[in-house]
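Given next are the chains, with one letter for each unit.
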Amino acid sequence: MPIRHAALRPKSSGSLVLVLMAIAIGSAAAAPFSGAGEPAETFLTRLRAANYFDTAILYLDRIGNYPGVDPEFKTAIGLEKAQTYIDAARVSRNSAARNTFLEDASTELDAFLKLGSHPRQSEARLKLGTLQMFRAAQLMVPSSKGDAPDDAKRKEAREGYESAAATFDKIVENLREKLKEMQGANIDAKKNPQQATQRDQYRGDFLQALSMAGEARLQAAKTFTDPGKDGKQGLEDALKMFVDLSEKYDDFPPGAIALMSRGVAQELLAQKEPALDSYIRMLETPDIDALRDAKFQAASGIIRLSLAETPPKYQLAIDRGKSLIDGLRPNERRAPTAMQLQVDLAKAYLVKAKDSKDQKPADLKRSESEGRQLLIKASKVEGDHVAEATKMLADLGIESSTEEVAELPTAEDPDSVDDAYAKAIELYQASENIAQTISAANGKEGVAELEKQLAETRSIASRVLSRGLTMINTKTDIELANNARQLLAFLLYQDQRFRDATVVGSFLAKTAPGSEMGMKGGLIARNSLQNLLIQNTSNTRLVSQLKDLADYTIRVWPDHPETPIFQRLIVELALQDDRFDDARTLINAMADSPTRALLHRKLGLFLYQQSVQTRIAGDDGASEKFQKEAKAELQTGLDAISGALSDDEAMKAALVLVKLHLRADEVDQATKTLNNDKYGPTKVAERLGTSDEAFTSDLYSTQLNLLVQQMTQPGSNTDELIGQASEVMDKLRDSIKGEDASTRLSAIYLRMARDIREQLDTANANQKTKLIQAFRVFLERIAATTEDPATLQWIGQTVMQLAEASMEPTETKASGQAAELLGTAVETFGRLKAKSKDVSLSVDFQLGRAQRLMGDYKGALDTLDPILRQKPNMLNAQMEASLAYEQWAGILPPKYAGNAYESALNGARPDAAKKKVIWGWGKISQLTSSNESFRDMFFESRYHVALCRFLWGKATKETPLIEKSVGDITKVAALYPELGGPEQRKKFDQLLRLIQKELGQKVEGLPPLAVPPT
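Residues numbered from 1 in each chain as written. Predicted model: local features only at pLDDT ≥ 70, side-chain atom pairs only at ≥ 80, totals over all residues. Heavy atoms only, no water.

Asker: How should the overall build of the chain be read in this particular structure?
Answerer: For the chain, the count of helices and strands is 45 helices and two strands. In the chain, which comprises 1014 residues, the proportion classed as buried is 48%. The long-range fraction of contacts in the chain, counting pairs at least 24 apart against all pairs at least 6 apart in sequence, stands at 61%. Taken as a whole, the chain presents about 50,200 Å² of accessible surface, with 51% of it coming from carbon and sulfur. (Helix = DSSP H or I, 4+ residues; strand = E, 2+ residues; numbered from the N terminus. Buried < 20%, exposed > 50% of the residue type's maximum accessible area, 1.4 Å probe, protein only. Contact = heavy atoms within 4.5 Å. Areas by Shrake-Rupley, 256 points an atom, 1.4 Å probe, with all protein chains shown as cover.)

As structure tokens, this is what we get:
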């Protein structure tokens, strides 16, 4: 292939390029690697890292000439070339060159994908889809003059995003089938580690592709000037994907991040309350690196929605945004999403500054100052937000804050190491005085100038020391030199020059082994490496460097008080790699100490998360094993606590242990853990308090769960337990503060309802019966004593969950315990509607569903009717109404049954325009047939088309109708032989056999599939 990118080619002759290649190969060969032969991957990685992209392409073109290259690597040459072009595009500052690189990458990816099946095919498709989105995004960038893209560019960008969506869809479908096959194969990770690794890779690619498919649709909709109107269908499709991800896979980063994208789609669709709920749920996810960027975007969304209210809810916006901005990590201070949040937060402060009602003039001025400072800081960081920040500053009468930063002053060269150290100490003390002044200023005017002085002073001190250390000779005092090195390492660390600080700190540790000074150097190097890893979590070289430093420190300072810090580091690296057995061995080898106890608890938490993931994956055996191991580690770590707790870490670990005991039906152990005087969450929370709202709600919901389970125990005092539960619910309500308290409380209750259903799904028959009865008593008592809408809605939803969990799969009308529960649900929803006319459609829908399950078909239809007049496209309500007609027909006399079946099939209840409000199964199947997102609904509605026609004909003794129902099945089977999957196909087959028997035909059912579905 011709090398067209001369701008990035090393400035050397052809022979020198080959020499460089030979040197790089030699370097790669010197590095450790597994297997004999050509170290192609290592060499290629080094070429890319050095920006020798043309050389990398040349090497890949000639790789067939090198002996010993892994054959599997050779089969992916096209993919490696594509990655090389992508890396070149990332560093290119020339738009024309960048476009050429991207075109070449696309060409290579297309060619690679045409080769057919390959283990890295999903990786290639992901790269292709991402490329398509990147190129589409470039079309939407404003011109250099700030002009928005024209209609032609918008259309081209939209087509690019739609192509990307199609690419990701293919990945999703392909990997879904592969994962089904692997699930059926019951892969044992110990016996088949390669297959287990590939399964994990497929699972990760599947979630990433599903997320990107939704994102591509969302971005395609945003190419319209009015996304909510012109891009509505795309937004709804994207929203369905994000809802699916966030509800099913919220234990994985893509699922949690989908909450933010879900909020954006809902916001564009003018669904303000659901959007706010999604953004708030995003902020309540665990504070891990992978979710931080999405949290910034969610906070910006909350600010937009809050400021759009009348009057603007600026305080809610400030409360949500300020904590994130105040807690920015070093690697986030230039992140585009963090800078945009800073600008959005400034808007909230400026709105507050204009609201003179109930505010003192000093408060108004302080709010304006806060907003101005945020804008000034944001305007100094390059990015798309700068134009908006600059305009807002101009509106405040402040000229552009992006002026050039003056060059830092220089210091005179020191005369010696002694002179350099003395000057550096003086500068260091001056910098500490400036830092104290900044802290005392507490955000007042003039802080920006002080921060500038601080940075200059530290920089001068570092340069003076660096120059002084070059003067070390054989006569230099070793202690003085090491003191200078330690101060330099610390100054570099303060200045966030972490790579330089790592080098100096590591050198000090190895030149002063066993000494206090050497340990200090090691600690600075460790902290610097950890900060570098925060910025680049996937850098294996940094991880290896950190592990080597920790191993060295533990070996040289085995009894030093700081050594457990490094031991903890080694354990945490093992945990990050899911090497749980290695972590356990390392922990058990440590001397008894608070650090060892902490690590036992950490291991327990990791094992608990692994049990959750394996349960989601359907591996109940592995999940149970991890649960037992998690309980043992958590108990060991908690029992080893000595003295009073000073923070809430152990309390949170204890709450997880309570949950594990509850899942194992170990009520007594759960009670003892929850109320333990030393670490029990209820006891510790009373002493220390808790500002973590998510933990507080988790604690109270777990307490409620425990109280209900205690009611199932022999001899329990139900009245006393109900009283305790009421107190806990009062505490839960009181713990949720702010303008959006009701929304957040409803979200907490909804999660509790889901947890109850999950618990029932995993309980044995005897335990399920006891739990349902206990929950019923508990909920009915609470319902009788509350008028809180959020609580009533939760009670209704939870009772519905209990009722459906107690019904048999084939049961259409509830009886016994299920019927009693549904009665409670209907009564609760009725009270909720009577209390507030402004109830959500979901409440009416649940009420209609409960009425149908009780056999009150007319009541169900009367409840669902106004929902569908208001929102005819609510598919689950349309299906519920059609099912109500169908089941009603089954209990009516034959002379009325025909009309009911016809309504279920063809629709009913015309409106003023004579359009049928209830569509019926026929129209539902037509409208869902062409949309892959409604695939399950389509097959379900087609099944009911055939079932209704058969039952209609049977009730009215009209054989032609029964005969037509045969065609309803065979025609759809001809178009879609798999009929939506094995379970759905089985239903169709059983129905066809029933019809054939009724007609006196040979009972054959559906013909077998040519290729059985996986």
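Asker: I would appreciate a short explanation of helix α37 (residues 816–835) in the present structure.
Answerer: Owing to its 3.6 residues per turn, the α-helix brings residues three or four apart onto one side. Spanning 20 residues, α37 covers 29 Å between terminal C-alpha atoms, matching the ideal 28 Å at 1.5 Å per step. Buried within α37 are the following residues: Ala818, Leu821, Leu822, Thr824, Ala825, Thr828, Phe829 and Leu832. With its buried residues spanning 155 degrees around the axis, α37 presents them on a single face. Those residues of α37 that are exposed and angled more than 90 degrees off the buried face are Glu827 and Ala834. (Expected span 1.5 Å × (residues − 1). Arc of directions from axis to C-beta.)

Asker: Looking at this structure, how should I read the nonpolar core?
Answerer: Generally speaking, soluble globular proteins have nonpolar side chains that are buried together. Core analysis: the largest hydrophobic core is formed by 80 residues, its most contacted members being Phe168 and Leu375. Broken down by element, this core gets its largest block of residues, twelve residues, from helix α9 (residues 193–222). Once residues lying within four places of it in the same chain are set aside, the contact partners of Phe168 are Leu126, Gly129, Thr130, Met133, Ala209, Met212 and Ala213. One finds Ile641, Ala653, Leu699 and Leu732 within the second-largest nonpolar core, a separate group that totals 78 residues. (Core = buried A, V, L, I, M, F, W, Y, C linked by side-chain atoms within 4.5 Å.)

Asker: How should I be thinking about the pattern of salt bridges in this particular structure?
Answerer: For side chains bearing opposite charge, pairing can occur when the charged atoms are close. Applying the stated rule across the entire model yields 44 salt bridges. Between Arg292 and Asp287 there is a salt bridge, and its shortest N-O distance comes to 3.1 Å. When salt bridges with common partners are traced through the structure, they connect Asp581, Arg584, Lys625, Glu629 and Glu633 into a single cluster. (Salt bridge = Lys/Arg side-chain N within 4 Å of Asp/Glu carboxyl O.)

Asker: Would you mind showing me how to read helix α24 (residues 540–556) here?
Answerer: Relative to the 24 Å expected for 17 residues at 1.5 Å per residue, α24 spans 24 Å between its end C-alpha atoms, a close match to the ideal helical length. As for α24, its buried residues are in contact with α22 (498–511), α23 (516–535) and α25 (563–576).

Asker: Looking at this structure, I do not really get the packing of helix α29 (residues 649–663) against helix α30 (residues 667–674). What am I missing?
Answerer: Running from N to C, α29 and α30 point in directions that differ by 170 degrees, and their axes come no closer than 8 Å. Here α29 lies roughly antiparallel to α30, going by the angle between them. The handedness of the crossing between α29 and α30 is left-handed. Contacts between α29 and α30 involve Ala654, Leu655, Leu657, Val658, His661 and Leu662 from the first element and Gln669, Ala670, Thr673 and Leu674 from the second. The class makeup of the residues in the contact of α29 with α30 is seven nonpolar, three polar and no charged. (Axes fitted to C-alpha atoms, helices over the stretch in contact; angles between N-to-C directions. Parallel < 35°, antiparallel > 145°, perpendicular 65-115°, else oblique. Left-handed = near helix turned anticlockwise from the far one by under 90°. Nonpolar A, V, L, I, M, F, W, Y, C, P; charged D, E, K, R; others polar.)

Asker: Would you explain unusual backbone geometry in this entry?
Answerer: Leave glycine aside and you will find that most residues have negative phi; peptide bonds, for their part, are mostly trans. At the junction of Thr310 and Pro311, the peptide bond is cis and its omega measures out at -5 degrees in the coordinates. Its place among the elements puts Pro311 in the loop between α14 (289–308) and α15 (314–326). For Leu979, which is not glycine, the phi torsion reads 55 degrees and is therefore positive. Topologically, Leu979 is positioned in the loop between α44 (959–975) and α45 (982–998).

Asker: Sorry if this is basic, but what is going on with the confidence of the model for the chain here?
Answerer: Low pLDDT marks stretches whose predicted atomic positions should not be read closely. When pLDDT is averaged across the chain, the result is 81; 89% of the residues are at 70 or more. Predicted confidence in the chain is weakest over helix α1 (residues 14–30), with a mean pLDDT of 32, and strongest over helix α40 (residues 875–889), with 94. Taken as a whole, residues 1–38 scores under 50 in pLDDT and shows 50 contacts with residues more than four places along the chain or in a different chain. Predicted confidence for residues 400–410 stays below pLDDT 50, and this span has 18 contacts to residues more than four positions away or in other chains. (pLDDT = per-residue confidence, 0-100.)

Asker: I tried to follow the packing of helix α36 (residues 789–806) against α37 on my own but got confused; where do I start?
Answerer: In a packed pair of helices, the relevant descriptors are the angle between the two axes and the axis-to-axis distance. At a minimum axis separation of 8 Å, α36 and α37 run at an interaxial angle of 160 degrees. With respect to each other, α36 and α37 are oriented roughly antiparallel. Handedness of the crossing formed by α36 with α37: left-handed. Together, Pro789, Leu792, Gln793, Ile795, Gly796, Gln797, Val799, Met800, Leu802, Ala803 and Ser806 of α36 and Gln817, Ala818, Leu821, Leu822, Thr824, Ala825, Thr828, Phe829, Arg831, Leu832 and Lys835 of α37 make up the contact between the two elements. Class assignment for the residues of the contact of α36 with α37 results in 13 nonpolar, seven polar and two charged.

Asker: I'm lost on the environment of Tyr901 in this one. Help?
Answerer: By the secondary structure assignment, Tyr901 is in helix α41 (residues 894–906). Taking the C-alpha atoms as reference points, Tyr901 and Gly890, separated by eleven residues in sequence, lie 8.5 Å from one another. Once residues lying within four places of it in the same chain are set aside, the contact partners of Tyr901 are Glu886, Ala889, Gly890, Cys948, Leu951, Trp952 and Ala955.

Asker: Quick question: what am I supposed to make of the environment of Gly522 here?
Answerer: Assignment of secondary structure puts Gly522 in helix α23. Measuring from C-alpha to C-alpha, the distance between Gly522 and Ala509 comes to 5.1 Å, with 13 residues separating the pair along the chain. Sequence-distant contacts of Gly522, that is, excluding residues within four places in its chain, are made with Gly505, Ala509, Leu549 and Phe566.

Asker: Hey, could you run me through the packing of aromatic side chains in this one?
Answerer: On inspection of all chains with the given rule, the structure shows ten aromatic pairs. Ring centres of Tyr552 and Trp557 lie 6.2 Å apart, and the angle between their planes is 85 degrees; on these two criteria the pair is classed as edge-to-face. The class for Trp557 is buried, based on a relative accessible area of 4%. An angle of 90 degrees between the planes, with centres 5.6 Å apart, marks the rings of Phe939 and Tyr976 as edge-to-face. Within this pair, whereas Phe939 is found in helix α43 (residues 935–956), its partner Tyr976 is found in the loop between α44 and α45, the two being separated by 37 residues in sequence. Overall, Phe939 belongs to the buried group, its relative accessible area being 5%. Taking the relative accessible area as the measure of exposure, Tyr976 reaches 31% and is therefore partly exposed. Stacked on the ring of Phe224, the Lys or Arg Arg158 has its end atom at 3.8 Å from the ring centre. The ring of Phe626 has Lys625 sitting right over it, with the charged end atom 4.8 Å from the ring centre. (Phe/Tyr/Trp six-rings, centres within 6.5 Å; stacked < 30°, edge-to-face > 60°. Lys NZ or Arg CZ within 6 Å of the ring centre and 35° of its normal.)

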